[in-house]
Amino acid sequence: TGAEVVPVETNALDASNPDIARDWDRYLEDIAQANVIISNIDKVPDPSFQEAERNQWKAEAKIFRGMMLFDLAHWFGNIPLNLTEAPDITADNIEEVYPIYFPMPVTQDSAYKQVIKDLTEAIPYAPALNPNDKRVLSKTVAYALLAKLYAELGEWDKVIEYSDKVFADGIALADNYADLWKYDETLGDATRNNKETILEAQYTAASGNWVTWMFGRNLSNWEESFTWAKWITPSRDLIRTFEREGDTVRCNQTIVYYECAWSNYYPADNYPFMYKCRSAYNSVIKLRGADIWLLKAEALAHKGDLNGAVSLVNTIRQRAKLADLPASQMGSQETVLDAILHERRLELALEGHRLFDLIRFGKLLEVMNDINSRDEGRLPQARPFVEAHKLMPIPQTALDKNSNLVQNDGY
């Protein structure tokens, strides 16, 4: 209900939003941190610090930088790009150093090219996937990010190539959808290092995951911070979509109902919450196999291999105990792509993919400008979605600091 968050729902974001400024700054801070490692790793004088280890650390830093650059460019389009460590500014070096702190922006496509460069340079030296430790920025993480990035660029052969590399490294669909999210209240434990996950942020009893109580209840501490309305309240439209599909397996792992003290969107005694991060010990899954699996299906459909695409979708559906796609959804490239988008919505619900999926499939305006008629419980749109709203506004604080930046259209 905060003034910073409501504009996300109502499509009323503008450059003054402090949460957007926060995220912009944190992406740039993360990129700067990676730059420090990449710029300095070879300067460490310790002779016992072998070249292979230096190369591995640099590779992991490049994967991290690539991941942050991808997200930043994905959200904002034209972004400042600095790939060097920024030294302290002094009176003697200000003219030399100033462009490092306040660089010219690059286009989204140019930023994506740098991401590709970082990831491909990192792959030969990055560690192999460790199935017992999915925290590591491995080669497989780079493959997955490249598959996702090439999907944004519509380079479908590359999507297939890097998706196949992900699965060649041993990533497979979890046997049961619930295995990705389960929490054992008796043992106080949660799933980690599932065979489907590619990259996780992991938490233990000694280092709890505070994200949990942003979305609902912390099952390891039932009353913790459960006094205020939460983020990512599942919409009626999503709930009805699960119900129409008969998809109880994924619905029950995605949405949970609790009694609460507020009734902003639903009755307080039966209020739905996001359920994919349910205890202080649950991992936050950044990358997982089903996403890449369905990206490959999307690529195959674009390449004209409709049978191959449908086969992949049906494998996902079979895990959810659903029937294979009906013939009516298999007859053309358009219907198969629609089926893939629908499957991504149910499979990846509330994991942060939907906006970018709608943009990539060319459906953002069609879906979002009709949302109030399909979801009577949500706040009304303040303005229609237009093409420019595929990007966030550049924060006003960033524009004030760096005169080289230009505000995105529509803001």
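Residues numbered from 1 in each chain as written. Predicted model: local features only at pLDDT ≥ 70, side-chain atom pairs only at ≥ 80, totals over all residues. Heavy atoms only, no water.

Participant: For the packing of helix α6 (residues 139-153) against helix α11 (residues 289-303), give the residues involved together with the corresponding values.
Facilitator: Axis separation between α6 and α11 bottoms out at 10 Å; the angle between their running directions is 40°. Viewed along their axes, α6 and α11 adopt a mutual orientation that is oblique. The two elements α6 and α11 meet at a crossing, and its hand is left-handed. Contact residues: α6 offers Ala-144, Ala-147, Lys-148 and Ala-151, while α11 offers Asp-291, Ile-292 and Leu-295. When the residues that make up the contact of α6 with α11 are grouped by side-chain class, the tally is 5 nonpolar, no polar and 2 charged. (Axes fitted to C-alpha atoms, helices over the stretch in contact; angles between N-to-C directions. Helix = DSSP H or I, 4+ residues; strand = E, 2+ residues; numbered from the N terminus. Parallel < 35°, antiparallel > 145°, perpendicular 65-115°, else oblique. Left-handed = near helix turned anticlockwise from the far one by under 90°. Contact = heavy atoms within 4.5 Å. Nonpolar A, V, L, I, M, F, W, Y, C, P; charged D, E, K, R; others polar.)

Participant: Quick one: what's the story with the packing of aromatic side chains, residue by residue and with numbers?
Facilitator: Scanning the model with the defined rule gives 23 aromatic pairs in all. Pairing Trp-75 with Phe-356 gives two aromatic rings, centres 4.9 Å apart and planes at 65°, and the pair type is edge-to-face. One end of the pair, Trp-75, is in helix α3 (residues 51-76); the other, Phe-356, is in helix α14 (residues 354-360), with 281 residues separating them in the sequence. On the basis of relative accessible area, Trp-75 is assigned to the partly exposed category, the value being 27%. Taken together, a centroid distance of 5.3 Å and an interplanar angle of 55° make the contact between Phe-226 and Trp-262 tilted. (Phe/Tyr/Trp six-rings, centres within 6.5 Å; stacked < 30°, edge-to-face > 60°. Buried < 20%, exposed > 50% of the residue type's maximum accessible area, 1.4 Å probe, protein only.)

Participant: Please set out helix α12 (residues 306-319) residue by residue, giving values where relevant.
Facilitator: Here α12 is 14 residues long and its end C-alpha atoms lie 20 Å apart, about the 20 Å a rise of 1.5 Å per residue gives. With 10 of 14 residues buried, α12 is to be regarded as a mostly interior element. Residues of α12 that are buried: Leu-306, Gly-308, Ala-309, Val-310, Leu-312, Val-313, Asn-314, Ile-316, Arg-317 and Arg-319. In the segment just after α12, Lys-321 is the residue with positive phi, at about 65°. (Expected span 1.5 Å × (residues − 1).)

Participant: Tell me what's going on with the pattern of salt bridges, and back it up with residues and numbers.
Facilitator: Applying the stated criterion across every chain yields a total of 40 salt bridges. Here Asp-42 and Lys-58 are joined by a salt bridge, their closest N and O atoms 2.6 Å apart. Here Asp-42, found in the loop between α2 (18-40) and α3, pairs with Lys-58, found in helix α3; they are 16 residues apart in sequence, far enough to count as distant. By relative accessible area, which is 46% here, Asp-42 ends up partly exposed. Salt-bridge contacts for Asp-71 lead to Lys-286; the nearest nitrogen and oxygen are separated by 3.0 Å. Placement of the pair is Asp-71 in helix α3 and Lys-286 in strand β8 (residues 284-288), with a sequence separation of 215 residues. You can call Asp-71 buried: its relative accessible area is 15%. (Salt bridge = Lys/Arg side-chain N within 4 Å of Asp/Glu carboxyl O.)

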